[in-house]
Amino acid sequence: MKNIFLPAVLSLLPAYAFAQSVPDGQSYRTAGNPNNTVRSADTADSVSTWIGKKMDVQNGTAVSPTLKGGVEISAPSDRPGAAGTAIPNTFWVDRYYSPKTWFITTNTTWTVCRSGCAYKNPLDAWNAALNANFLNGAILTISIGDGIYNLDNQFFTNVTKTEHVHIVGDTAAPDKVVLNFTKTKGNNLGGFAAYNGGKIGLINGMTIQAPTDGTGALASTDRYGRHVWNSQSYGAGIAAYGAGSNIVVGSHVVIHGLYYSMVADNNGGIDAPQGGVAMSLAGDVNAMARGGGVIVCTPCSATDASDYTHPDNTLGSNYDAERGGSLYIDGSTGSKSLITGVVGLTGGHIWAHHVTLTGSLIPASGQGAWITGNSSAEFTGCNISGYNIGVNATNGGYASVDTCNIHRNIQGGIVADGGRVTGASAIITDNTTYGIQALHQGSVVMFGTYAGMRANGTNFSAQPAGVEHRSGSAYTASSIDVQ
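Visitor: It is not clear to me how the state of the cysteines should be interpreted in this structure. Could you clarify?
Guide: Taken as a whole, this structure holds 3 disulfides when the rule is applied. Paired by a disulfide, Cys 113 and Cys 117 hold their sulfur atoms 1.9 Å apart. Around the S-S axis, the bridge from Cys 113 to Cys 117 shows a dihedral of about 105° and counts as right-handed. The disulfide that involves Cys 382 links it to Cys 404, with 2.1 Å between the sulfurs. Given an S-S torsion of about 125°, the disulfide between Cys 382 and Cys 404 has right-handed geometry. Of this pair, Cys 382 sits in the loop between β33 (376–378) and β34 (383–385) while Cys 404 is found in the loop between β36 (398–400) and β37 (405–407), placing the two residues 22 residues apart along the sequence. Residue Cys 382 shares its accessibility class with Cys 404, and that shared class is buried.

Spelled out as structure tokens, the structure:
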């Protein structure tokens, strides 16, 4: 231990704690009796003995202390281990606190493994960390050994101090540290959750999963690969909800079998700036930024997203920004989505440079990118193929597709259906029906692109002014300008 403020610590101890340390005897002025004073003959047995135990203090701080044998009096009951075995760089107080309160004074590691570690269960270590205080910016690393850990609750925080906690497994092989969340069915629980200002300093080196045999969030999968989900089983592998909530994710994380892989909602944030997060087998969305939430994952991978629980209201996207949410997914990949690879809804914002979207769950269906409801997206350097529509901007949505390769889609490479698409130097080839289509006042403006359009069923289709028969709404002419 170091830099411990003794007055604060000592104030926690009862007065009788020092009763056996102070030597007997009074001064002559106080006693008026020389027999009550400390005599020189007693010095070796009393005064000097006691002086040898004291610590000099100046301005409330210990002066040049030498502390040895960092041993606790007894082992805390909330962790295994023999009495007297200390966790380095910590001390704990339990006389007036329940549960025990830890004080982390310098960077510290707590270990988790089947035997021989401070903890056997990662959640026990996490719950102990929730009762810790962190001094001098110290970081607590919960180091999880290889193995499968069946967990009956999620890692939850609504406090900021857990930004000092790093949860790390095997960064060389995250598949060797498996956190299996067994209670995701019917209670909307997930894996890691930071709510209302809560923070998690780092998650890395692990697989976050739920059972896929019907006992978890997933109920079943049909022969087309479409997933049916249990009711009220909509938790996320990693979720940050509420203003100020934030979770940092390392580059060696796998998330599998939860309804959402990652969610940043209601102004929460998930930050994976080094990418490396692999998301698979989700329901509504692999990675969703909603309600002002922000996800940074550059790059990540997302695959196999579908919710076919109610066939008249199907869901399934690899990446989603909606209600003002923001996605930064440069370099990411998406595949096997039931509805769309990337979707922007109701004012969402997406930065998706150099993304690769390689087809829907049902071949030649769905949309590679669907930008609608006044959302916006940048797809510079993208590669989109294998959908019904490659890029579809609808109802006021805007998409930029500079230097993108949009090919082998069925209805169209680019469609502006009441939305707007711009770009330059795109390659639009081998799309079965249209290379570019504009309708319902849609607008497409592309520069340096005409020379890169070939082998499409028809290169261009622009709907003239008229009436759309189903709704009876009148539209002015759509437009396409490709140079």
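Visitor: Just checking my understanding: could you explain the packing of aromatic side chains for this structure?
Guide: Geometrically, a pair of aromatic rings is defined through the distance of the ring centres and the angle of the planes. All chains considered together, the criterion is met by 13 aromatic pairs. An aromatic cluster is defined as three or more aromatic residues linked by ring pairs; in this entry it consists of Trp 126, Phe 155, Phe 181 and Phe 192. A cation over a ring is seen here: Arg 114 above Tyr 149, with NZ or CZ 4.4 Å from the ring centre. One Lys or Arg, Arg 226, reaches over the ring of Tyr 308 and ends 3.7 Å from the middle of that ring.

Visitor: Which parts of the structure should I look at to understand the nonpolar core?
Guide: One recurring pattern in soluble globular proteins is that nonpolar side chains are buried together. Residues Phe 192, Ile 208, Ile 238, Met 262 and Phe 379 are the most contacted members of the largest nonpolar core, which totals 83 residues. Examining the composition of this core, we find that 5 residues originate from one element, helix α4 (residues 122–130), more than from any other. Ignoring any residue separated from it by four or fewer positions in sequence, one finds Ile 208 in contact with Leu 179, Phe 181, Gly 191, Phe 192, Ile 203, Gly 237, Ile 238, Val 253, Val 254, Ile 255, His 256 and Leu 258.

Visitor: Sorry if this is basic, but what is going on with a nonpolar patch on the surface here?
Guide: A surface patch of nonpolar side chains, about 240 Å² in accessible area, is lined by Phe 156, Tyr 195 and Tyr 241. Relative to the elements of secondary structure, Tyr 195 occurs in strand β12 (residues 192–195).

Visitor: Just checking my understanding: could you explain empty space enclosed by the protein for this structure?
Guide: Vacant regions in the atomic arrangement are exposed by a probe of water-molecule size rolled over the atoms. Under the defined criterion, the tally for this structure stands at 1 cavity of 30 Å³ or more. Estimates place the volume of the largest cavity at around 30 Å³. In terms of lining, the largest cavity is formed by Leu 151, Asp 152, Asn 153, Gln 154, Phe 181, Thr 182, Lys 183, Thr 184, Leu 189 and Gly 190. Looking at the lining of the largest cavity residue by residue, the classes come out as 3 nonpolar, 5 polar and 2 charged.

Visitor: Just to check I follow, could you spell out the sheet that holds strand β38 (residues 412–417) for this structure?
Guide: In space, the 12 strands of this open sheet follow the order β9-β12-β17-β20-β23-β26-β29-β32-β35-β38-β41-β44, with parallel pairing throughout. Each edge of the open sheet is held by one strand with a lone partner, namely β9 (155–157) and β44 (458–462). Strand-to-strand twist in this sheet, taken as the mean axis angle between neighbours without regard to direction, amounts to 5°. Where strand β26 (residues 317–322) lies against strand β29 (residues 340–345), 5 bridges are found, and the strand directions are parallel. Paired with Ala 321 across the strands is Gly 344, a residue of β29.

Visitor: What is the right way to read the side chain of Ser 360 from this model?
Guide: Along the polypeptide, Ser 360 turns up in the loop between β31 (356–357) and β32 (367–372). Here Ser 360 falls in the buried class, since its relative accessible area comes to 8%. A polar atom in the side chain of Ser 360 sits 2.5 Å from the backbone oxygen of Ile 362. Among the polar contacts listed, one links the side chain of Ser 360 to the backbone oxygen of Ser 365, at a separation of 2.7 Å. Apart from the residues lying within four places of it in its own chain, the contact partners of Ser 360 are Lys 336, Ser 337, Ser 365, Gly 366, Gly 386 and Tyr 387.

What counts and how
Residues numbered from 1 in each chain as written. Predicted model: local features only at pLDDT ≥ 70, side-chain atom pairs only at ≥ 80, totals over all residues. Heavy atoms only, no water. Disulfide = S-S within 2.5 Å. Helix = DSSP H or I, 4+ residues; strand = E, 2+ residues; numbered from the N terminus. Buried < 20%, exposed > 50% of the residue type's maximum accessible area, 1.4 Å probe, protein only. Phe/Tyr/Trp six-rings, centres within 6.5 Å; stacked < 30°, edge-to-face > 60°. Lys NZ or Arg CZ within 6 Å of the ring centre and 35° of its normal. Core = buried A, V, L, I, M, F, W, Y, C linked by side-chain atoms within 4.5 Å. Contact = heavy atoms within 4.5 Å. Patch = residues over 30% accessible without salt bridge, like charges linked within 9 Å, V, L, I, M, F, W, Y side chains within 5 Å. Areas by Shrake-Rupley, 256 points an atom, 1.4 Å probe, with all protein chains shown as cover. Salt bridge = Lys/Arg side-chain N within 4 Å of Asp/Glu carboxyl O. 1 Å grid on protein atoms, 1.4 Å probe; cavity = no way out; pocket = protein on both sides within 12 Å on 5 of 7 lines; lining within 4 Å. Points joined across faces, edges and corners; volume = space filled by probe spheres on them. Nonpolar A, V, L, I, M, F, W, Y, C, P; charged D, E, K, R; others polar. Pairing = 2+ DSSP bridges. Axes fitted to C-alpha atoms, helices over the stretch in contact; angles between N-to-C directions. Polar contact = N/O pair within 3.5 Å; in protein donor to acceptor, adjacent residues only side chain to side chain.

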